[in-house]
Structure formats: C-alpha cells, structure tokens
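Observations on chain architecture
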Amino acid sequence: MNRTDGLVRRVKARDTESNGGSSSSAPNHADQENKVDKEDEMEDCDSKETRLTLMEEVLLLGLKDKEGYTSFWNDCISSGLRGCILIELGLRGRIELERAGMRRKGLCTRKIILKSDTPTGDVLLDEALKHIKETYPPETIQSWIEYLSGETWNPLKIRYQLKNVRERLAKNLVEKGVLTTEKQNFLLFDMTTHPLTDNVIKCRLVKKIQDAVLTKWVNDPQRIGKRMLALILLAHASDVLENAFAPLNDDDYELAMRRVRELLDLDFEAESAKSNANEVIWAVFAAFTK
C-alpha cells in the first residue's frame, strides 16, 4: 500500500490583542490542521464538474489510456476500491470506529459504527452505507473489505458484495467527461471499454501525486491532507501507484518510492491516536498492510 504525503503550507499566525497592543506569534495547531484539510479539498478539484471521488481517482490511475481497461493481471484493485469506499464514508462523517476501550483494542479488531445514515448522493457509497447500517453485530474494517469484495466464505454475507464496481465507476467518469465508452472484440468475446477522453484531468491527478511525494513533500503524515494520504496509500494497495510514477526520471522515481515506503512503515496505531486523526483511514491502511 502506498502512503501519500499531501500538500501542506506552513502558516504563521499572529494574534493581536487590540486592548493591550501586544501580539503573540504562537500558531494555533488545530487551525493549521483544519487549513491543511481545506487545502486538500481545494486541491482535489478545480470545479464541481471535475471533482473525483477516491474510487474514481484510483480507477483512473489503473485504466490504460487508449485501451480503456485495467490490467488483467491486477488482482489488487478490487479490494483497493472497497477500501476507498470505506475511507470516503469515513471522510464524509458517515462511519467511525468503536472506542478503543480500557484494553486499547487495535485498529484491526475495532468494529465500524454507523455515525450518520444521511445519504451521500453517491450510489456506491450509499449502497455500502446501507449494508453497514443493517448489519448487527458490527464488523471490522477487514471484514467489510472482504464482504464488499465478495471475498467471503460466509454465505450469509455474500449479499453485501458490491457488484460491477469498476464498470459503475467508469460510467461515472464517462458522465464527468473524463472517459468515453467503446466496444472491443477480444477474439472470443466483446468487452465494453472506457478509453481516456480528457487527458488534462488525468495529467493533473498524476502531477498531484508526484508533487505530494517530491516538491511538496512534508515529513509529517499528520500535516498531509487526509484525502491525499488516502489516495497515495490506496493507489499503492491497488497496485496502480506505479502508473503515476512511471514518467519520472530514475532519481525522482527512487526518491518517490522511498518516501512512500516511509509512509508504509509508519506506526498506524500511534498515528490514529493523534489529535485530528481520522481513525477509519488508518484502520483501512492497517488492514492492507497487516
């Protein structure tokens, strides 16, 4: 799995006391973290029309530009996309982890709890949210990745599988003007493909990831935007991050991969316990790296 370090601007805050005439240069840490998240949201999209979800970004990285399909040898992207769905729900405040308790349960053993059942407006997210809402007792992140992927031996849980996820995401990207739809003949069968039609959006996505681990690298995961961090690590888990780094020269490629490895080697339990951390994100990371 790959870890991303997003764009972070260091902000110096100066609080001026009007009645005393004195000033303080001590920055408010919480305000800085909120600013990082807001900048990450702004970096994520230039307009509402081109805003992509984590799932769509990971799929776009995995699609061959001209052929319009993912590699037949990639058996990681299916579970990776389900991890993206859980992180999106966590970022949108729909799910959270149960309390760690006195025994300090680990991220991988804590269950997902419904925080809000308000629809997100995204069909895939709302379908997953409905399954989580209807499930009792609650399940862990790892279990939900397996259930949503259909990778379970429990016949009672197979109904939770989200079907045709890649095709449904590709259709979303077609509607957003990023991809188009074609039919290709593969000797024994015909297959619907989705070649790239808007190269600008994909180039912007690739550059955003490259910048995050090169020119805008910050050596502190808590100062990386949550969405950017999730994008890098889930792209790595889905085995598509290499596509973003392929255009780099050898030196930049080596540096980018070294920084990704630094993110992968983090103590997820410790990071999730820090202030302003989203535990769902770190629990998904832990599920893919255990």
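Structure: see above.
Description of the structure in this document. (Residues numbered from 1 in each chain as written. Predicted model: local features only at pLDDT ≥ 70, side-chain atom pairs only at ≥ 80, totals over all residues. Heavy atoms only, no water.)

**Let's talk about the side chain of Thr 140**
For clarity, the cut-off: Helix and strand definitions here come from DSSP, where helices need a minimum of 4 consecutive H or I residues and strands a minimum of 2 consecutive E residues; each element is numbered from the N-terminal end. Polar contact is the term for a pair of N or O atoms within 3.5 Å; when the atoms are in protein, one must be able to donate a hydrogen and the other to accept it, and sequence-neighboring residues count only if both atoms are side-chain atoms. Here, two residues are considered to be in contact whenever any of their heavy atoms come within 4.5 Å of each other.
Secondary-structure assignment places Thr 140 in the loop between α4 (123-134) and α5 (141-149). Here Ser 143 takes part through its side chain, which lies 3.0 Å from a polar atom of the side chain of Thr 140. Ignoring anything within four residues of it in the chain, the contact list for Thr 140 reads Cys 108, Thr 109, Arg 110, Lys 111 and Ile 112.

**Observations regarding the side chain of Asp 211**
In this fold, Asp 211 is placed in helix α7 (residues 199-213). Not counting residues up to four positions away in its chain, the partners in contact with Asp 211 are Lys 216 and Trp 217.

**Some words on the packing of helix α2 (residues 54-62) against helix α3 (residues 77-91)**
Threshold: Whenever a helix is involved, its axis is fitted only over the stretch in contact; in every case the axis is a line through C-alpha atoms, and angles between N-to-C directions fall within 0 to 180 degrees. For classification purposes, an angle smaller than 35 degrees is called roughly parallel, one larger than 145 roughly antiparallel, one from 65 to 115 roughly perpendicular, and anything else oblique. Nonpolar residues are Ala, Val, Leu, Ile, Met, Phe, Trp, Tyr, Cys and Pro. Charged residues are Asp, Glu, Lys and Arg, and all others, Gly as well, are polar.
Their axes nearest at 8 Å, the elements α2 and α3 cross at an angle of 155°. With respect to each other, α2 and α3 are oriented roughly antiparallel. Between α2, through Leu 54, Met 55, Val 58 and Leu 59, and α3, the contact on the second element is made entirely by Ile 77, Leu 81, Cys 84, Ile 85, Ile 87, Glu 88 and Leu 91. Of the residues contributing to the contact of α2 with α3, the split by class is ten nonpolar, no polar and one charged.

**Examining the packing of aromatic side chains**
Which entries qualify depends on this criterion: Think of it this way: a Phe, Tyr or Trp ring, Trp meaning its six-membered ring, pairs with another when their centres are within 6.5 Å, and the plane angle makes it stacked under 30 degrees, edge-to-face over 60, tilted otherwise. Three exposure classes are used, based on accessible area relative to the maximum for each residue type with a 1.4 Å probe and protein chains only: buried under 20%, partly exposed in between, and exposed over 50%.
In total, this model carries seven aromatic pairs according to the counting rule given. With a centroid separation of 5.6 Å and 80° between ring planes, the pair formed by Trp 144 and Tyr 147 is classed as edge-to-face. One end of the pair is Trp 144 and the other is Tyr 147, both in helix α5 and three residues apart, which spans about a single turn. We note that Trp 144, like Tyr 147, is buried. Seen from their ring centres, Phe 268 and Phe 285 are 6.1 Å apart, and the 55° between their planes marks the pair as tilted. Separated by 17 residues along the polypeptide, Phe 268 in helix α11 (residues 268-272) and Phe 285 in helix α12 (residues 279-289) bring together distant segments of the chain. Residue class for Phe 285 comes out buried when judged on its relative accessible area of 0%. Ring-pair connections join several aromatic residues into one group, and the members of that group are Trp 144, Tyr 147 and Tyr 160.

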